[in-house]
Amino acid sequence: MSSTSLSSVKDPILSDFRNFLYLVWEHLGLPEPTEEQYEIAHYLQHGPLKKMIMAFRGVGKSWIYGAFVCWRGLTNPDWKMMVVSASKAMADSLSSFVKRLIDEMPLLNHLRPRNGQKDSMVMFDFGPARTSKDPSVKSVGITGQITGSRADEIIADDIETTNNSVTHEARERLLELIKEFSAVIKPESGRITYLGTPQSEQSIYNELPGRGYEIWVCPARIPEDPAKYGGRLAPFVQAKIDAGVPAGTPISKRFGELVLADKIGEYGRSGFALQFMLDTSLSDADKFPLRLRDLIVTSLDRRMGPVKTAWCNDPEKIIQDIPNVGLVGDRYYRPLWNSPELAEYTGCVMAIDPSGRGKDETAYAIVKVLHGTLFLVASGGFRDGYSEGTLKSLAALAKLHSVNHIRVEANFGDGMFTQLLKPVLTKIYPCTVEEEKSTGQKEKRIADVLEPLIQSHRLVVDTAVIKADAEADRDYQLFYQFTRLTRDRGALPHDDRLDALAMAVSYWVEHMAQDTDTSAEEHYEKLRDDYFRAFAEQFTGPREDYDTWMSV
């Protein structure tokens, strides 16, 4: 089909969106649409009134939808459509794409707005449309003014992003916002279609079936366990499975084995499972060994910590006012009880996981110890590798927290980072520095160090650390890495902050053999002894032989 003359292809174009999609791809100079793109096009046209197309990242969902908007105008110029995206800029970009197609494709030129009709990049009419207060096409961000217009069809294109869905609170807000669609759509005949890729295991898209939506899922490979998808796999994918196509076989010709292997390296296995395999199931949640609920979260003093603290998971102790990036049902909890007595920390270590310039961070963690309990007082990272600014910032942090010892992961640059750091420390804060060479699979090593400590509730985290961590991009956040770690190789796209925490914790492992109750009792015994000494010396005066005198 090479001609773009409406007279020669009128019926096929109007009756089947896939034919029109072919012409758009030809106009854009693209290869013929792939099998999965044709399948998406067919479902867009023939799917139920309320549906969700969940397809792997990079499949071209938005471009297909842009062509679909044009096709709707071609088949029915009076059709009213609303384009909703995560941000106004994203929605406007799609609207702009539609206008360009109308301007550039002769087949669509008659849809250009006429004099007196609405004609902007964010709101316009199809030329043949009858007079109406509502535009033919309107673009809006999910947090913008959705109500106020009526539409025959709403397409919510990638409304869930890493930025607006990383916490429980953010996802709840999104779920509230999409309720507004029902106030816009025309009753009975109105259509609502979601196109997107899940951004977390608790994706808001998981809630759509409960609101009457049919889910159509197209992963990048034939899944190992099709049952995980609950019967929602696209029919053409299920047909491949029924025909005996082996698990792991790429679905798309454009995304072959080498490309997908590269994506695993880029996104990590958990990220690949989400954004390419579209697996949001939590039936195997036990594979995540670290949970926020096992931490003790409280505000900490830089110099002194509570002599004793008690963990709990009482619902009344849930912390609501700090960002929570945990899995479904996971929460931060305040301690059941902190002893009123404080004591100076008995040690402080800083662990540094260096990186070169690039996507990884030079990450650090500062952990203090008191009576067999560890206290995370600082965590973060720098993106500029081993620059002078990074080195000075690390030295300043060591000074601020009175660090006794610094551990540097030596695998990077064969110890070069340590040699660069030492002279900076000499000027700002002289401190003992040692290198640690890591061996074995990283993910297993981190889990083996942290899991016993966390599950025994021996790590206390400063509230300020969590708040500061939430300001980083999602994949770089310590507590996102913490909750998504598995023992699978390459589980995370970035694990620098978590690795630094594990290094700091491993330094104090020998102290973990110390029973916290025994340590606290020894502390109280010393306080009592000091009190009685002071009391006795009021009558006897200072005595160097106090211990001997008291034993007589």
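Up top you'll find the structure we're talking about.
Counting of residues starts from 1 at the beginning of each chain's written sequence and follows it residue by residue. In keeping with the predicted nature of the model, local features appear solely for residues at pLDDT of at least 70, side-chain atom pairs appear and are counted solely at 80 or more, and the whole-chain, interface and lining totals rest on all residues. Water and hydrogen atoms play no part in the side-chain values, which are based on all heavy atoms of the structure.

Novice: Before we go on, may I ask you to explain the pattern of salt bridges in this structure?
Specialist: A side chain with one charge may pair with a side chain of the opposite charge, provided their charged atoms come close. The salt bridge criterion pairs a side-chain nitrogen of Lys or Arg with a carboxyl oxygen of Asp or Glu, the two atoms within 4 Å. Tallied over the full model, the rule gives 29 salt bridges. The residue K99 makes a salt bridge to D119 at a minimum N-O spacing of 2.4 Å. A residue pair is termed long-range when its members are at least 10 positions apart, and K99 in helix α5 (residues 88–104) and D119 in the loop between α5 and β3 (123–124) qualify at 20 residues. Only protein chains enter the calculation, and the probe is 1.4 Å; a residue is then buried if its accessible area is under 20% of its type maximum, exposed if over 50%, and partly exposed in between. We classify K99 as buried; its relative accessible area is 10%. A salt bridge links D495 to K442, with the nearest nitrogen and oxygen atoms 3.2 Å apart. Separated by 53 residues along the polypeptide, D495 in the loop between α14 (478–484) and α15 (496–507) and K442 in helix α12 (residues 442–455) bring together distant segments of the chain. Secondary structure elements follow DSSP: runs of H or I no shorter than four residues count as helices, runs of E no shorter than two count as strands, and numbering proceeds from the N terminus.

Novice: Even after reading the chapter, I still don't get α12, so can you show me in this structure?
Specialist: Structural remark: α-helix, 3.6 residues per turn; residues separated by three or four positions point the same way. Look at α12: 20 Å from first C-alpha to last across 14 residues, which is about the 20 Å you get at 1.5 Å a residue. Turning to α12, its buried residues are E443, I446, A447, L450, E451, L453 and I454. For α12, the secondary structure elements touched by its buried residues are β15 (373–382), β18 (459–462), α14 and α15. Just past α12, the residue H457 takes up positive phi, approximately 60 degrees. Each residue after the first adds 1.5 Å to the expected span of a helix. Contacts: residue pairs with any heavy atoms within 4.5 Å of one another.

Novice: I would appreciate a short explanation of the pairing of β15 in the present structure.
Specialist: Sheet faces and side chains relate simply in a regular strand, where the side chains alternate between the two faces. Of all the 10 residues making up β15, 9 are buried; the element is thus mostly covered by neighbouring parts of the structure. DSSP-based pairing: two strands are paired if at least 2 bridges between them are found. Here strand β14 (residues 362–370) hands over to β15 after 2 residues, with H371 in that stretch at a positive phi of 55 degrees.

Novice: Got a minute to help me understand unusual backbone geometry in this structure?
Specialist: The phi angle of most residues is negative, glycine excepted, and most peptide bonds adopt the trans form. One non-glycine residue, L278, lies in the positive phi region at around 60 degrees. Position of L278 relative to the elements: it lies in the loop between α9 (257–275) and β8 (296–298). Although it is not a glycine, H371 sits at a positive phi angle of roughly 55 degrees. Structurally, H371 can be placed in the loop between β14 and β15.

Novice: Honestly, the packing of aromatic side chains in this entry has me stumped. Any pointers?
Specialist: Each aromatic ring pair is summarised here by two numbers: the centre-to-centre distance and the angle between the ring planes. Aromatic rings from Phe, Tyr and Trp, with only the six-membered ring used for Trp, were paired whenever their centres fell within 6.5 Å, and each pair was classed as stacked if the ring planes differed by under 30 degrees, edge-to-face if by over 60, and tilted otherwise. Within the structure shown, the criterion is met by 20 aromatic pairs. Note on F272 and F276: the rings are 5.2 Å apart at their centroids and 10 degrees apart in plane angle, and the pair reads as stacked. Across this residue pair, the class does not change: F272 and F276 are buried. Geometrically, a charge over a ring is one whose NZ (Lys) or CZ (Arg) sits within 6 Å of the ring centre while staying within 35 degrees of the ring normal. Here the guanidinium or amino end of K99 rests over the ring plane of F124, the centre of that ring lying 5.4 Å away.

Novice: For this particular structure, what's the right way to read the packing of helix α2 (residues 17–27) against helix α3 (residues 35–46)?
Specialist: Any two packed helices are characterised by the angle at which their axes cross and by the distance between the axes. Taken N-terminus to C-terminus, the directions of α2 and α3 make an angle of 135 degrees; their axes are 9 Å apart at the nearest point. Accordingly, the angle class assigned to the pair α2 and α3 is oblique. Crossing of α2 over α3 shows right-handed handedness. Contacts between α2 and α3 involve F17, R18, L21, Y22 and W25 from the former and Q37, Y38, A41, H42, L44 and Q45 from the latter. Residue type decides the class: Asp, Glu, Lys and Arg count as charged, Ala, Val, Leu, Ile, Met, Phe, Trp, Tyr, Cys and Pro as nonpolar, and the leftover types, Gly among them, as polar. When its residues are assigned to classes, the contact of α2 with α3 shows 7 nonpolar, 3 polar and 1 charged. Throughout, an axis means a line fitted to C-alpha atoms (over the contacting stretch in the case of helices), and angles, computed between N-to-C directions, take values from 0 to 180 degrees. Comment on the angle field: the value is read as roughly parallel under 35 degrees, roughly antiparallel over 145, roughly perpendicular from 65 to 115, and oblique elsewhere. Put simply, a crossing is left-handed when the front helix is turned counterclockwise from the back one by less than a right angle, and right-handed when it is turned clockwise.

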